[in-house]
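Listed below, chain by chain, are the residues.
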Amino acid sequence: MARNLVIVESPAKAKTINKYLGSDYTVEASLGHIMDLPKNDIGVELKRRTFEPNLIVSPGKEKLVERLKKLAAKADAVYLAPDPDREGEAIAYHLKLQIEPGLKNKQTIQRVTFNEITKKAVVDAFKRARDVNGNLVDAQQTRRVLDRLVGYEISPLLWDKVRRGLSAGRVQTVALRLIVDRENEIKAFVPVEYWPVDARLKPQAGKQEFTAKLHSINGARLTVESVSGNALPDGDAAGQAKAEMESAKYTVRSVEAKERRRNPPAPFSTSQLQQQASNRLGFNVKRTMGVAQRLYEGVEIGSDGTVGLITYMRTDSTRVAPVAIEDARKYIGGLGDRYLPTKPNEFRGKKDAQDAHEAIRPTNVAYTPDSIRKYLSDEQFRLYDLIWRRFVASQMTAAVYDQTTVEIEGRSARTYGLRVSGSVLKFDGFLKIADARLGKAQAAAEAKAMQAEVSEEDEDDAALPVLKQGQALDLLAVLTEQKFTEPPPRFNEASLVKELEERGIGRPSTYASIINTIQDREYVKKLARKFVPTEIGMVVTALLVKNFPYIFDMDYTRRLEEELDRVEDGEEKWTDLLNGFYGHLTDEIKVAEKSMEEIKRWEKPTKELCEKCGSPLVLRWGKFGSFYSCSNYTKSKPKTIAVASYKKDPKATVQRITKALTYPFEVKGMVDDAEAFSEEVHDDKALLAALKVAATRGKSILIDPVSCDFTKENFAGKPDLAAMEAGDTEEEEFCENCGKQMVLKNGPFGPFMSCPDYNADPPCKTVRRLNQKVQSKPPEPTGEPCPECGMELVKRQGSYGEFVSCSGYPKCKYVKQTLLDVACPKCGGSLAERKSKMGNTFYGCTNYPKCDFTSNQKLIATPCPKGNSTYLVEVFNKQDGFLHEVCPHNHDALPKRRPKKGAKEEPVTDPVHCDYDNRTNRKPEPAALIEVPKLVVPDPEQTRPLAVA
């Protein structure tokens, strides 16, 4: 038994660290948090406002916790080594709460942290073991309580006013507000016309052409409101300018040449890594953090064993350890003295940065991307290459450009001022590393991308001919075209992270969860890699921002993040922060309970008419959002009147009917469930007359409210998803833990998404159930009459796929089934093809539940040649790959059913034994194998918002 127990978060991390520590250490994984607030209760003390959380062991972690307790009780020392951030500190604290009571010596529990998982860093961390940091724990606990208060205090309001199951989030709602506000800006945007004018010129004695932009007329700069560049406001002005410029004489007014330096970018912080991985690699935030997690936890590198390749990937700092800078400078020195600055480059961090960890960098610069490429997956290599090159570039010299700006004058009826700039790379500096693995064209693109990261200026990098002041130029052409300003772009993951970072909303460790949450709740959809708010997202945002202006204010959310930082630094008491927040929250909840609009009780009149009965349509709210419904719809149930009761007091009967129902309705005289008389009435006089006739013709009287069930979707109230650019497809999903592409699997509860390493060593148990609510397609007419009532059959979408049923449902419940031409062996009824919850096809009797006969094999209406059965069954033979027709009494050829777990295999008790087995020339149709993905990947046009508390 090892003398020391080390507890980390993930099995992959445990596997790596286990190799660095000797046999005296046992490394176990907690698999994330082991304690949390209860789900069925707010779990926070509010009466005395102590805000003490009622933490419990997370459901499903009970056995794991008990195992860790037993191991800790036998160990001489326990080291808690979750990630070095607030969440990791909280996990360490919860582990301590569970383990400490069972220990004899309380001093044996210590906390260790390391910013990189290398042997040296891990060994050094154990030399600096410390107690759990209470301030870090308080900061995480405060954030958790804040989020719980918002969720459990505001969500019930949304349930009551909008729809059950919705929820609000303190930071997620603010992030959603950014997306909704941007969508509203796009809707309200009014394009502005502008006309840029360019002149194509060349020196009179030369051949090299170049293009100059018109920027002034008679010394006045060209400006158009809301247009950043120089342009004219309309076609008339552009046409006049073009005509005059075509007859103008052009000369060079001035030539300014200067040297410009491009400084290298800082090494990656979390947000910068997420942005660059999105822009340059096409990785979403979840994928980026998953791949980075695996690079941090360790990868097998040949004889070196498992190596953590990058430092901790959740940081807002640009600070780098001196040792790492020295290693980088040694590597850069090998590229040449010109690439190595005289002293290390330093970068200033953000004003509000926590600076708890250094920037994201490779743990060892000697592990160049090319040297370890064969040990990495494609996505790991691409992300590591991005991180490695960014870090090395940060310690190199600046790139130097020769930049020339030429002012040109054209004289005609007016004086036209033109300008052109060109720059040539004089010394590549930090851009040199772009050539490490790329061809020239791709290297230039990479260099330009890296250049764009450190410069916001818009320059023309085209080379210019040699020009001198006063030199005459020839005009080749004047170019102008009509343009319009474009609305602000929708957020993608990179731009949303950038916006959140600039506004101080959230922290590096929360960006991925913020983006995941607003998508999981179906408040936004991602189409063409851009976020589009759903209707429910827009409605919820409008309600929350209107009724909680303080809690969901962006500046207040930013100030809360700063206060959490002060709690972490020990400068503010966590209960003081919560007291102030809860006071604002309770005040706004009292107002919202009275003033918040009840969306689910919407019934707004419109000018549109019902296509079925011509009545006005009203706008209502349902589980899939807003829709139009006929105003002639009623939920009132039919009312039965006894004939004797009517004859006894006709006027009282009329009063009783009109009190319970509203006009119009049908008066029916019923005889044994059949209509002997029916008439629609609209007033008391007609009602009395109809009752008299119905009483004479029927044994009872049925009053049936007239109701129209016509509805149609309110497309105008929803985001125009059809207007998105080409290439709108469902985005591939990646594991949030390891970054690998999730795969579709089937389980006992239906299809689900799973990490491909679910059964690997170590395993990655990430799964996501496919339980989104999807709106059904409208029924499609088939043109085929119903055999029972004569109405048209329609194709509908059900839980197990498409089916055909009568359009007269619910009055007619006919469902068309694929019947076999074989009678049920048990009762003689019909057999139909059916689908199970897992998408498998089976065959069952249509007399179910009276007859429970089922078969997983298709029955064929061919008697057994040996006379042992009136039918055969179709069986797939794995050995030859063909379908076989076998006798149902041939148990050797039939698939064997696995007994239930723990049960013994029962012997076959069939008294008849037959060996008939006939191989056919047919193979199973492959179409059935692709049915499941079609059922579980929602179409963006059909999916409607779902929010999970």
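About the thresholds
Residues numbered from 1 in each chain as written. Predicted model: local features only at pLDDT ≥ 70, side-chain atom pairs only at ≥ 80, totals over all residues. Heavy atoms only, no water. Helix = DSSP H or I, 4+ residues; strand = E, 2+ residues; numbered from the N terminus. Contact = heavy atoms within 4.5 Å. Areas by Shrake-Rupley, 256 points an atom, 1.4 Å probe, with all protein chains shown as cover. Pairing = 2+ DSSP bridges. Axes fitted to C-alpha atoms, helices over the stretch in contact; angles between N-to-C directions. Parallel < 35°, antiparallel > 145°, perpendicular 65-115°, else oblique. Left-handed = near helix turned anticlockwise from the far one by under 90°. Nonpolar A, V, L, I, M, F, W, Y, C, P; charged D, E, K, R; others polar. Core = buried A, V, L, I, M, F, W, Y, C linked by side-chain atoms within 4.5 Å. Buried < 20%, exposed > 50% of the residue type's maximum accessible area, 1.4 Å probe, protein only. Polar contact = N/O pair within 3.5 Å; in protein donor to acceptor, adjacent residues only side chain to side chain. Salt bridge = Lys/Arg side-chain N within 4 Å of Asp/Glu carboxyl O. pLDDT = per-residue confidence, 0-100. Expected span 1.5 Å × (residues − 1). Lys, Arg positive; Asp, Glu negative; His and termini not counted. Phe/Tyr/Trp six-rings, centres within 6.5 Å; stacked < 30°, edge-to-face > 60°. Lys NZ or Arg CZ within 6 Å of the ring centre and 35° of its normal.

## As for the overall build of the protein chain
Piece 1. Summing up its helical and strand segments, the protein chain has 21 helices and 42 strands in all.
Piece 2. For the protein chain, restricting intrachain contacts to residue pairs at least 6 apart in sequence, the fraction spanning at least 24 positions comes to 66%.
Piece 3. For the protein chain, the accessible surface area stands at approximately 49,300 Å², while carbon and sulfur atoms represent 49% of it.

## A short note on the sheet that holds strand 25 (residues 674-681)
Paired through their backbone hydrogen bonds, the strands of a sheet run either parallel or antiparallel.
Piece 1. Pairing is antiparallel in the open sheet, where 4 strands are placed in the order 23-26-24-25. Both edges of this open sheet fall to strand 23 (639-642) and strand 25, since each of them pairs with a single strand only. Taking the axes of each pair of neighbouring strands and ignoring which way they run, one obtains an average angle of 25° across the sheet.
Piece 2. In terms of strand pairing, strand 24 (residues 665-671) meets strand 25 through 7 bridges, oriented antiparallel. By the bridge assignment, Met670 is partnered in strand 25 with Glu675.
Piece 3. Each of strand 23, strand 24 and strand 26 (700-705) touches helix 19 (residues 650-660); the most contacted strand, strand 23, lies at about 175° to it.
Piece 4. This element, helix 20 (residues 684-697), spans strand 24, strand 25 and strand 26 of the sheet and lies at about 175° to strand 25.

## Let's talk about the packing of helix 8 (residues 270-281) against helix 11 (residues 378-394)
Piece 1. Interaxial distance between helix 8 and helix 11 falls to 11 Å at its minimum, and their mutual angle equals 120°. Our classification of the angle between helix 8 and helix 11 gives oblique. Viewed along their axes, helix 8 and helix 11 form a crossing whose handedness is right-handed. Here Gln272, Leu273, Gln276, Ala277, Arg280 and Leu281 of helix 8 lie close against helix 11, whose contacting residues are Arg382, Leu383, Leu386, Ile387, Arg389 and Arg390.
Piece 2. Class assignment of the residues belonging to the contact of helix 8 with helix 11 gives a composition of 6 nonpolar, 2 polar and 4 charged.

## Topic: the nonpolar core
Considering soluble globular proteins, one finds that nonpolar side chains tend to be buried as a cluster.
Piece 1. Leu149, Leu309, Leu383 and Phe548 are the most contacted members of the largest nonpolar core, which totals 125 residues.
Piece 2. The greatest single-element share of this core, amounting to 9 residues, is contributed by helix 11.
Piece 3. Apart from the residues within four sequence positions on either side, Leu309 is in contact with Leu295, Val299, Ile301, Arg361, Pro362, Thr363, Tyr367, Ile372, Leu376 and Tyr384.
Piece 4. Counting 24 residues, the second-largest nonpolar core is a separate cluster that includes Phe210, Ala238, Ala248 and Tyr416.

## Points about the environment of Tyr384
Piece 1. Along the chain, Tyr384 falls in helix 11.
Piece 2. For Tyr384, a relative accessible area of 0% gives the class buried.
Piece 3. Each C-alpha atom of the pair Tyr384 and Arg361 lies 9.1 Å from the other, and the pair is 23 residues apart in sequence.
Piece 4. If sequence neighbours within four positions are ignored, Tyr384 has contacts with Leu295, Leu309, Ile310, Pro362, Asn364, Tyr367, Thr368, Pro369, Ile372 and Leu376.
Piece 5. A polar atom in the side chain of Tyr384 sits 2.5 Å from the backbone oxygen of Tyr367.

## Concerning the pattern of salt bridges
Piece 1. Tallied over the full model, the rule gives 47 salt bridges.
Piece 2. Between Glu358 and Arg361 there is a salt bridge, with the nearest N and O atoms lying 2.7 Å from each other.
Piece 3. Overall, the relative accessible area of 4% leaves Arg361 in the buried class.
Piece 4. The residue Arg419 makes a salt bridge to Glu407 at a minimum N-O spacing of 2.7 Å. With Arg419 in strand 15 (residues 415-427) and Glu407 in strand 14 (residues 399-411), the pair connects residues that are 12 residues apart, well separated along the chain.
Piece 5. What makes Arg419 partly exposed here is its relative accessible area of 38%.
Piece 6. One salt-bridge network, held together by shared partners, links Arg253, Glu407, Glu409, Arg411 and Arg419.

## Observations regarding the confidence of the model for the protein chain
Piece 1. Taken residue by residue, the protein chain gives an average pLDDT of 84. The fraction at 70 or more is 87%.
Piece 2. Between residues 722-730, whose pLDDT stays under 50, and residues either more than four places distant or in other chains, the model counts 13 contacts.
Piece 3. Long-range and interchain partners of residues 927-949, a stretch whose pLDDT sits below 50, account for 58 contacts in this model, where long-range means more than four residues apart.

## A word on the sheet that holds strand 35 (residues 819-823)
Piece 1. One open sheet holds the 4 strands; their spatial order is 35-36-37-38, and the pairing between them is antiparallel. In the strand order of this sheet, the two ends are held by strand 35 and strand 38 (854-855), each with one partner.
Piece 2. By the bridge criterion, 2 bridges tie strand 35 to strand 36 (residues 830-835) in an arrangement that is antiparallel. When the sheet's bridge partners are listed, Leu819 is paired in strand 36 with Ala832.

## Re the side chain of Thr557
Piece 1. Within the fold, Thr557 resides in helix 16 (residues 554-568).
Piece 2. Here the side chain of Thr557 touches Asp553 through a polar contact of 2.9 Å, landing on its backbone oxygen.
Piece 3. Each residue touching Thr557, except ones within four places of it in the same chain, is listed here: Arg170, Val171, Val174, Ile505 and Ile551.

## Let's talk about helix 6 (residues 172-188)
Piece 1. Helix length check: helix 6, at 17 residues, gives a terminal C-alpha distance of 24 Å against a target of 24 Å (1.5 Å per residue), a fit within 8%.
Piece 2. A large share of helix 6 lies buried, amounting to 12 of its 17 residues.
Piece 3. Listing the buried residues of helix 6 in full gives Gln172, Thr173, Val174, Ala175, Leu176, Arg177, Leu178, Ile179, Val180, Arg182, Glu183 and Ile186.

## Let's talk about the side chain of Asp85
Piece 1. Position of Asp85 relative to the elements: it lies in the loop between strand 5 (77-80) and helix 3 (86-99).
Piece 2. We note that Asp85 is buried and unpaired, the nearest opposite charge coming from Arg314 at a distance of 4.9 Å.
Piece 3. Separated by 2.7 Å, the side chain of Asp85 and the backbone nitrogen of Gly88 make a polar contact.

## As for the packing of aromatic side chains
Between two aromatic rings, the relevant description is the distance of the centres plus the angle of the planes.
Piece 1. In total, this model carries 12 aromatic pairs according to the counting rule given.
Piece 2. Seen in terms of ring centroids, Tyr25 and Tyr79 are 6.3 Å apart; in terms of plane orientation they differ by 45°. Their pairing is tilted. Of the two residues, Tyr25 sits in strand 2 (residues 25-29) while Tyr79 sits in strand 5, which places them 54 residues apart along the sequence.
Piece 3. Its relative accessible area of 12% is what places Tyr79 among the buried residues.
Piece 4. Measuring from centroid to centroid gives 5.7 Å for Trp602 and Trp621, while their planes differ by 90°, and the two rings are edge-to-face. Of the two residues, Trp602 is situated in the loop between helix 17 (574-595) and strand 20 (604-609) and Trp621 in strand 21 (residues 616-622); the sequence distance between them amounts to 19 residues. As far as burial versus exposure is concerned, Trp602 and Trp621 are alike and both buried.
Piece 5. Grouping aromatic residues by their ring pairs yields a cluster made of Tyr25, Tyr79 and Phe126.
Piece 6. The ring of Phe491 is capped by Arg182, whose NZ or CZ atom sits 4.2 Å from the centre of that ring.

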